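Structural description and commentary
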Amino acid sequence: MASIIFHIDVNSAYLSWTAVEQLKNGSTVDLREIPAIIGGDQKSRHGVVLAKSTAAKRYGIRTGEPVANAFRKCPNLVTAPPDHRMYREKSRLLMEYLRTFTKEIEQVSVDECYMDFTSIADRWNSPIDGALEIKDGIREKFGFTVNIGISTNKLLAKMASDFEKPDRIHTLFPEEIREKMWPLPIGELYMAGKSSVEVLKKLEINTIGDLAQADPRLITLHLKSHGKMLWEFANGIGTDVVQAEPEQAKGIGNSTTLSEDAATYEEACPVFRELADSVGRRLKKAGQKAGMVSMEIKYYDFRSVSHQTQLERPSSDPDILYQTACSLFREIWSGEPVRLLGIRTSKLVDETEPEQLTIFDIELPKEPDEKHRKLKKALDELNSRYGEGAVVKASLMKKGGKDLGRRGRAGRNRAEDPGMEERGGRR
């Protein structure tokens, strides 16, 4: 029997939750029914748009754009500040409700989750009937709406839930891919970031169908393992495993919340430099080398996504960790503002384990010369003696002497934890 997977996504979560809370407290205006956004401050008009109403969308207002731009498009726009504590409570209550149907729930962000419906499907005449009961129950119990996507794996369920909104149920079974998914622009494919889309368009691949029917060897040649994954996604290939409990973190990693959201690749790279130095030091201290490197992004609206790759050979070299993280970032970054970045390593091996050299070794970053080896050793000794981050490269400092982390130097808050600060996110 094929799996039945639901992807449940709150419609414009921040705005919906704020509207519900305001109405509960006596407001006579529903933010969802007027041009309204969540984000920034109405007087100063600073910040970015975190969520928007359908009416605001008609003015061309986009999530992630500066609030000042949104007001230029719609002078009568109403805005409300975000309340993340309230959002977390709304999210908790939603997940509690969903677990009354089944415990097979994998929450991937504050406003979305996967549900393995397979074991309870026989309670309803069809999966759509079950989804209707869940969707309508959420609206009646909490006052906000969700979209539910239904398919045989998580990828297709996720794509289905992104179809027409709000308060809708959509199916995207394998036999429906050609009709429903292939005509979509390539940028709407899950995990197709800005950089990858640019490469694909240069190859005259403009729709998901174009990618699905392309030679996978050509795509892999230009986008490597990420390209192979995108080709598989375009053909509807994905996992049906819903991880009801988070996997135990295995490996060494670090993440940092930025003092200001990073909006460009150039702003993200120095953060990865510091994170790579921190993780590299900890690997060496543990006498380990990493065979796998993963990179995490948390966007301004708390959506998370991660991407990983296998190294040609295990390493603890910060330069290799840095270059790998930057490459992974370019492959999946959507171009939206970023509030947190992380590097995590896994598939650890003892540093004394013999290595199998390959013909690809010449592509790896060159080993530092004697002068730089001594400098790196001296920096490691100082940071070990006086605390991690005691000595920071000048390139990592902001004007006025402030470093890049919102909560201080990257790594200081996670020095004892081998796992990432946050796990999961959009997958």
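Each remark here, short or long, concerns the structure printed above.
Residues numbered from 1 in each chain as written. Predicted model: local features only at pLDDT ≥ 70, side-chain atom pairs only at ≥ 80, totals over all residues. Heavy atoms only, no water.

**A closer look at the overall build of the protein**
A tally of helices and strands in the protein yields 13 helices and twelve strands. Expressed as a percentage of its 427 residues, the buried residues of the protein come to 48%. Sequence-distant contacts, at least 24 apart, represent 66% of the contacts inside the protein between residues at least 6 apart. Of the roughly 21500 Å² of accessible surface on the protein, 50% is carried by carbon and sulfur atoms. (Helix = DSSP H or I, 4+ residues; strand = E, 2+ residues; numbered from the N terminus. Buried < 20%, exposed > 50% of the residue type's maximum accessible area, 1.4 Å probe, protein only. Contact = heavy atoms within 4.5 Å. Areas by Shrake-Rupley, 256 points an atom, 1.4 Å probe, with all protein chains shown as cover.)

**Focus: unusual backbone geometry**
Residue P166 follows K165 across a cis peptide bond; omega there is -5 degrees. As for its placement among the helices and strands, P166 is situated in the loop between α6 (154-161) and β8 (169-171). Backbone geometry places S12, a non-glycine residue, at a positive phi of 45 degrees. If you trace the backbone, S12 turns up in the loop between β1 (5-10) and α1 (13-24).

**Observations regarding the pairing of strand β7 (residues 146-151)**
Judged by how many residues are buried, β7 sits mostly within the fold: six of six residues are covered. The side-chain alternation of β7 yields two buried faces, one formed by V146, I148 and I150 and the other by N147, G149 and S151. Sheet topology note: the β1/β7 ladder contains six bridges and is antiparallel. Looking at β7, one finds that V10 is bridged to V146. For β7 and β8, the ladder comprises three bridges, and the chain directions are parallel. Looking at β8, one finds that I150 is bridged to T171. (Pairing = 2+ DSSP bridges.)

**Regarding α1**
With twelve residues, α1 extends 16 Å between its outermost C-alpha atoms, agreeing within 8% with the 16 Å of an ideal straight helix rising 1.5 Å per residue. Taken residue by residue, α1 has A13, Y14, L15, S16, W17, T18, A19 and V20 as its buried positions. Positive backbone phi, approximately 105 degrees, marks G26, located one or two places after α1. (Expected span 1.5 Å × (residues − 1).)

**Quick look at the nonpolar core**
Among the nonpolar cores identified, the biggest contains 97 residues, and F6, L98, F272 and I297 are the most heavily contacted of them. Sort the elements by how many residues they give to this core and helix α11 (residues 265-285) lands first, with eight residues. For L98, the contacting residues outside a window of four places in its chain are I8, I105, C113, M115, I134 and I138. Formed by nine residues, the second largest nonpolar core is a distinct cluster that contains I37, I61, A70 and L77. (Core = buried A, V, L, I, M, F, W, Y, C linked by side-chain atoms within 4.5 Å.)

**Quick word on the pattern of salt bridges**
This structure, assessed with the given rule, holds 21 salt bridges. In this structure, D30 engages R32 in a salt bridge whose closest nitrogen and oxygen atoms are separated by 3.0 Å. Given a relative accessible area of 13%, D30 falls into the buried group. Beyond isolated ion pairs, a larger network of salt bridges with shared partners links D9, E112, K158, D162 and K165. (Salt bridge = Lys/Arg side-chain N within 4 Å of Asp/Glu carboxyl O.)

**Comments concerning the sheet that holds strand β11 (residues 304-315)**
On the basis of which strands lie adjacent, the open sheet formed by four strands has the order β9-β12-β10-β11 and antiparallel pairing. The outermost strands of the open sheet, each flanked by one partner alone, are β9 (252-262) and β11. Across the sheet, the mean angle separating the axes of adjacent strands is 15 degrees when strand polarity is ignored. Pairing geometry for strand β10 (residues 288-299) and strand β12 (residues 338-350), over eleven bridges, is antiparallel. Bridging from a neighbouring strand, V293 pairs with T345 of β12. (Axes fitted to C-alpha atoms, helices over the stretch in contact; angles between N-to-C directions.)

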